[in-house]
2 protein chains.
Amino acid sequence: MEEYVKILKENNLKVTPQRLIVLKYLGEHHTHPTTDIIYRDLKTNNPSLSKTTVYNTLEALKEHGIIQSITISGSELRYDFKQGMHHHFLCKKCGRITDIDIECPNLGKMLECGHNVEEVHGYFKGICKNCLKKEA
Amino acid sequence: MEEYVKILKENNLKVTPQRLIVLKYLGEHHTHPTTDIIYRDLKTNNPSLSKTTVYNTLEALKEHGIIQSITISGSELRYDFKQGMHHHFLCKKCGRITDIDIECPNLGKMLECGHNVEEVHGYFKGICKNCLKKEA
DNA sequence: ATATGTGCAAACTGTTTGCAGCCGC
DNA sequence: GCGGCTGCAAACAGTTTGCACATAT
């Protein structure tokens, strides 16, 4: 828990119970949850929590580069505790999103083309290993 | 125009005026438009056109692999006339999305990991060349 | 006392659904 | 006349906004 307090302080974000539990949730669940999932899971033990606060908190964490949002599923934002560059794989069958730990070898080429690249997102979609196994 | 009729026929899609103008629009505008942009632009010369039909048509074209949807901007789907693998760059300033013609060297590595990869999306975000120039 | 965070409700946006009417083979 | 396409309106989901209250320096 202390580590999350530290992260907030280092980023000049006021430490509130709400921010702490949201950040802790993301630190412990690498499932790329939506705002609603985070809200529903936390609501149980924190009945007074509001969804607006979850939105606000995620926005603040994102602005400070502590987390990042991914748009792989299209209809909603999902959040990811940031830890080095990696890509994502979305299984169209079970809906699970898994981390893919590969670098982006295109970045060098991107820099050549003159744009100032701040974010790199690699999204792969298909059927995951597990679902393939079940089908067989 | 005849080329778009041909595409629809080849994919066993009934040729209707609505489908033709939507497909033609995407063939001629490589701007990665949203459903709403397509609708508004076409509505002028086709007042009876309904947005539902635009949604339906885009869905049909996508299912047949004629176009693809990209989720780079998060809040809405954007459409792209499909033509070989390429990536996308979104300028956070002017909002423009540009095609990046590079291959994805990660695909090989992805196949190794056992998932069945059907789609590859590479999204880069930052400030584009043009906007950088204006700033300077 | 002031600035910031929280939480409710209402608004807004993009998308989907239900259904009636239409068109073409 | 049947199946698929169109278009309207209503429903829906995710997100944002306005505002009053709470909290902490």
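Look up a bit, the structure's there.
One structure accompanies this document, and this report is about it. (Residues numbered from 1 in each chain as written. Chains lettered and ligands numbered in written order. Predicted model: local features only at pLDDT ≥ 70, side-chain atom pairs only at ≥ 80, totals over all residues. Heavy atoms only, no water.)

### Quick word on the sheet that holds strand β3 (residues 87-91) of chain B
Okay, step 1: Strand order in the open sheet formed by 6 strands is β4(A)-β3(A)-β5(A)-β5(B)-β3(B)-β4(B), with mixed pairing between adjacent strands. The sheet is open, and its two edges are formed by β4 (97-100) of chain A together with β4 (97-100) of chain B, each paired on a single side. Averaged over all pairs of adjacent strands, the angle between their axes in this sheet comes to 25°, without regard to strand direction.
Okay, step 2: With 11 bridges joining them, strand β5 (residues 116-127) of chain A and strand β5 (residues 116-127) of chain B adopt antiparallel strand pairing. The residue bridging A:Tyr123 from the neighbouring strand is B:His121, located in β5(B). (Pairing = 2+ DSSP bridges. Helix = DSSP H or I, 4+ residues; strand = E, 2+ residues; numbered from the N terminus. Axes fitted to C-alpha atoms, helices over the stretch in contact; angles between N-to-C directions.)

### A few points about the protein's contact with DNA strand C
Okay, step 1: Close to DNA strand C lie 16 residues; A:Thr16, A:Ser48, A:Ser50, A:Thr53 and B:Leu77 are nearest.
Okay, step 2: When the atoms of DNA strand C within 4 Å of the protein are grouped by moiety, sugar and phosphate amount to 73% of the total.
Okay, step 3: Note that a phosphate oxygen of DNA strand C is positioned 2.9 Å from one of the side-chain N or O atoms of A:Arg19.
Okay, step 4: One of the side-chain nitrogen or oxygen atoms of A:Thr52 is found 3.0 Å away from a base nitrogen of DNA strand C.
Okay, step 5: Counting residues per element, the ones that place at least two in the surface near DNA strand C are α2 (17-28) and α4 (51-63) of chain A together with α4 (51-63) of chain B.
Okay, step 6: Classifying every residue of the surface near DNA strand C by side-chain character gives 3 nonpolar, 10 polar and 3 charged. (Near = heavy atom within 4 Å. Polar contact = N/O pair within 3.5 Å; in protein donor to acceptor, adjacent residues only side chain to side chain. Nonpolar A, V, L, I, M, F, W, Y, C, P; charged D, E, K, R; others polar.)

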